[in-house]
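Chain by chain, the residues run as shown.
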Amino acid sequence: MAGVPHEMNGNGRIDHRLILEMIEPGSTVLDLGCGTGELLSLLIRRRGVKGQGIEIDNHAIFECVVKGLSVFHDDIDRGLAEYGNRSFDYVILNQSFQQVKNPDIVLREALRVGVRVIVGIPNFAHIVSRFQIFFRGRAPVTPALPHEWYDTPNLHFLSIDDFLRYCRERGIRIEKAFYAGAKHPVALFPNLLARTAVFLLGKGK
Amino acid sequence: MNLTARKVKAGQNEGIGPVKTQSFTFGHFPAPFILESGESIGPVTLAYETYGRLDADASNAILILHALTGDAHAAGYHEGDVNPGWWDDMIGPGRAFDTDRYFVVCSNVLGGCRGSTGPSSENPLTGRPYGLEFPVVTIRDMVSAQRRLLDHLGIDMLLAVAGGSMGGMQALQWVVSYPEKVASAILIATTAEHTPQQIAFNEVGRQAIMADPNWNNGDYYGLGLPDKGLSVARMVGHITYMSDDSMNEKFGRRVKDTKQQFKFSPEFEVEGYLHYRGYNFINRFDPNSYLYITKAVDSFAVANGKPLHKLLEGVGTKLLIIAFSSDWLYPPYQAQQIVKACKMAGADATYCELRSNYGHDAFLVELDEQTYLYTHFLKKVCDGRRAA
């Protein structure tokens, strides 16, 4: 899906680096909402994964073809019926989870199809967003949430704490959680200081 | 399929230039070509054209497969012709199927009438055209015959097979029949099996031909041709190749400016267009071939009742599957059924639905996006093979 945060440094996007660290070499990966395929290429190059992507935007798929990736034009909201249970080591929803119509269904399907699921989200409760809402009285536009309210691909606005609570309520086990600012990991008060978060999820408590 | 709006984009260069159709004959007595039905036929001739140069290790060959009424003349110009081959914008130096890099082969199908053995060819047993003595042929038979041609050309492994519509069915059949001989496949606006709607349209066409008194049970050679029947068949075909939008854009409700001869003379431009397409078709197509080839696509079901994903398991061919949004003859859902099987089989596949208003004709008309996709796809296939 289009429209992801552009927090670059010398080593590429920090969320991509965090995900790269999580993935075991040689594993199988399904990237839901893979966009132009940067993350998938990185994982193939650096971890030797066997990867597939699903993407709804035509022009993003063209760029995936340029990269030689295996990508399917589809809407992940329609579910993943073709895939059997646990058919991938990892299913990734990086910056696409907040863009789907039915997060419940999509995440349930991801957890069925993947042994593990990686979810990356922008943190709506980051301090800069809070300031913009509180002092300017405006919907936040930040590097992690770069879109104006009228042309954002994001359908759901959630914070890190929202996601933690969501997983707790559904009995989804969070194996690892990483929080990051523009370039560096964030250790303290992530719900206030992190722009993005990446979670490694498993089934059950 | 005809080239309604092919003059969309001229190539950046002169293209291939002059070409000639060649032919290859095999299956001579006493070793005829055995068909899927168990019947045999021989000798069999296939008309084909080649463009570009085959590598020393014969590793750069691409087989292009034509649609229902296409032929071997995919690119370049025949001597004295005004129009180039049917996919000239896609095949040539610097084009999607780049003849500076690849050796491109396009073969006419078995059962056809454009230089290959078909019902209008001479039956060696009688010395007369086969007519309905010609055996039923299938998509798989067409592909097996092409395999013989490639053996003759010294090509064991294909870098790619590519085709739209019936050509896509052949490409898919290639993947299923010879998975280890096909590094990649581009399947365009096609299906894994014909649906009742597709069969129904073809049946109208066949009935039109057979209802023509001139048809004479297929024995019309040297007599009056069933041209009216074939013309109606072609008109039905053309309707299914276009879309509501493309017809609106092309014809609107505009009327022809010629005087009407009688009440039901063609009045609207769309009628005139269909008549023109229909009447001209007899000049290049044999009515019996139309019967045999439409029957071949109607009987096509590549998995033959089995789950398609079982056939694709372990297949190493890299697939690119393309559908067009307004194609109602081969709608995107049919391509998605192939895609679904690829996902279930874990095949290395990519699927993209291209937006177009041109209906099924889009694969002959919407060239920019196809060029971009196929160019890069083939480049990656090449890189992958070099690395392996």
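Residues numbered from 1 in each chain as written. Chains lettered and ligands numbered in written order. Predicted model: local features only at pLDDT ≥ 70, side-chain atom pairs only at ≥ 80, totals over all residues.

Observations regarding the overall build of chain B
Regarding its fold elements, chain B presents eleven helices and 14 strands. Computed over C-alpha atoms, the radius of gyration of chain B comes to 20 Å, within 12% of the 21 Å expected from 2.2 N^0.38 for 388 residues, which places it in the range of a compact globule. Its C-alpha atoms give chain B principal-axis dimensions of roughly 70 × 50 × 45 Å. Out of the 388 residues belonging to chain B, those deemed buried represent 51%. Sequence separation of at least 24 residues holds for 72% of the intrachain contacts in chain B that already meet a minimum separation of 6. (Helix = DSSP H or I, 4+ residues; strand = E, 2+ residues; numbered from the N terminus. Rg over C-alpha atoms; globule rule 2.2 N^0.38 Å. Buried ≥ 20, exposed ≤ 12 C-beta atoms within 10 Å, placed from the backbone. Contact = placed C-beta atoms within 7 Å.)

Overview of the environment of Arg 86 of chain A
In this structure, Arg 86 of chain A sits in the loop between β3 (71-73) and β4 (88-94). C-alpha of Arg 86 of chain A to C-alpha of Lys 203 of chain A: the two residues are 117 residues apart in sequence and 11 Å apart in space.

Topic: the interface of chain A and chain B
Contacts between the two partners involve twelve residues from chain A, matched on the other side by 18 residues from chain B. Sorting the residues of the side of chain A that touches chain B by element identifies α3 (58-66) and β3 of chain A as the ones contributing at least two each. A per-element tally of the side of chain A that touches chain B places α3 of chain A first, with five residues. Partitioning the side of chain A that touches chain B into residue classes produces seven nonpolar, four polar and one charged. (Nonpolar A, V, L, I, M, F, W, Y, C, P; charged D, E, K, R; others polar.)

Looking at the domain arrangement of chain B
All names here are of chain B. Parsing chain B into structural domains produces domain 1 (6-195 + 301-387) and domain 2 (199-294). Centre-to-centre, using C-alpha coordinates, domain 1 lies 26 Å away from domain 2. Domain 1 puts 23 residues into the contact, and the matching count from domain 2 is 17 residues. By residue class, the composition of the side of domain 1 that touches domain 2 is eleven nonpolar, eleven polar and one charged. (Domains from an automatic or database assignment.)

Focus: the nonpolar core
One broad rule of soluble globular proteins: the nonpolar side chains tend to lie buried together. Residues and elements named next belong to chain B. Of all hydrophobic cores here, the largest spans 169 residues; its most connected members are Ile 62, Ile 64 and Ala 160. For this core, the element with the highest residue contribution is helix α2 (residues 166-177), accounting for seven residues. In this structure, this core is formed jointly by two domains, domain 1 (6-195 + 301-387) and domain 2 (199-294), each of which donates at least three residues. Setting aside residues no more than four positions away along its own chain, Ala 160 makes contact with Ile 62, Ala 183, Ser 184, Ala 185, Ile 186, Leu 378 and Val 381. (Core = buried A, V, L, I, M, F, W, Y, C linked by C-beta atoms within 7 Å.)

Regarding the packing of helix α1 (residues 14-22) of chain A against helix α2 (residues 38-47) of chain A
Residues and elements named next belong to chain A. At their nearest, the axes of α1 and α2 sit 10 Å apart, and the two run at 40 degrees to each other. Judged by the inter-axis angle, α1 sits oblique to α2. α2 is crossed by α1, and the crossing has right-handed handedness. Contact residues: His 16, Ile 19 and Leu 20 in α1; Glu 38, Leu 39, Leu 42, Leu 43, Arg 46 and Arg 47 in α2. Each residue belonging to the contact of α1 with α2 can be placed in one class, and the counts come to five nonpolar, one polar and three charged. (Axes fitted to C-alpha atoms, helices over the stretch in contact; angles between N-to-C directions. Parallel < 35°, antiparallel > 145°, perpendicular 65-115°, else oblique. Left-handed = near helix turned anticlockwise from the far one by under 90°.)

Brief notes about the confidence of the model for chain B
Detailed reading of the predicted coordinates is not advisable wherever pLDDT falls low. Residue and element names in this part refer to chain B. The share of residues in chain B with pLDDT of 70 or more is 96%, and the mean pLDDT across the chain is 94. This stretch, residues 1-11, has a pLDDT under 50; its non-local contacts, to residues over four places away or in other chains, come to 24 contacts. Interface confidence for the predicted complex, expressed as ipTM, amounts to 0.89; the pTM equals 0.93. (pLDDT = per-residue confidence, 0-100.)

Quick word on unusual backbone geometry
What you tend to see is this: most non-glycine residues have negative phi, and most peptide bonds are trans. Residues and elements named next belong to chain B. Put simply, Phe 29 and Pro 30 share a cis peptide bond, and its omega is 10 degrees. In this fold, Pro 30 is placed in the loop between β1 (22-26) and β2 (33-34). The omega torsion across Gly 42 and Pro 43 is -5 degrees, close enough to zero to call that bond cis. By the secondary structure assignment, Pro 43 is in the loop between β3 (40-41) and β4 (44-51).

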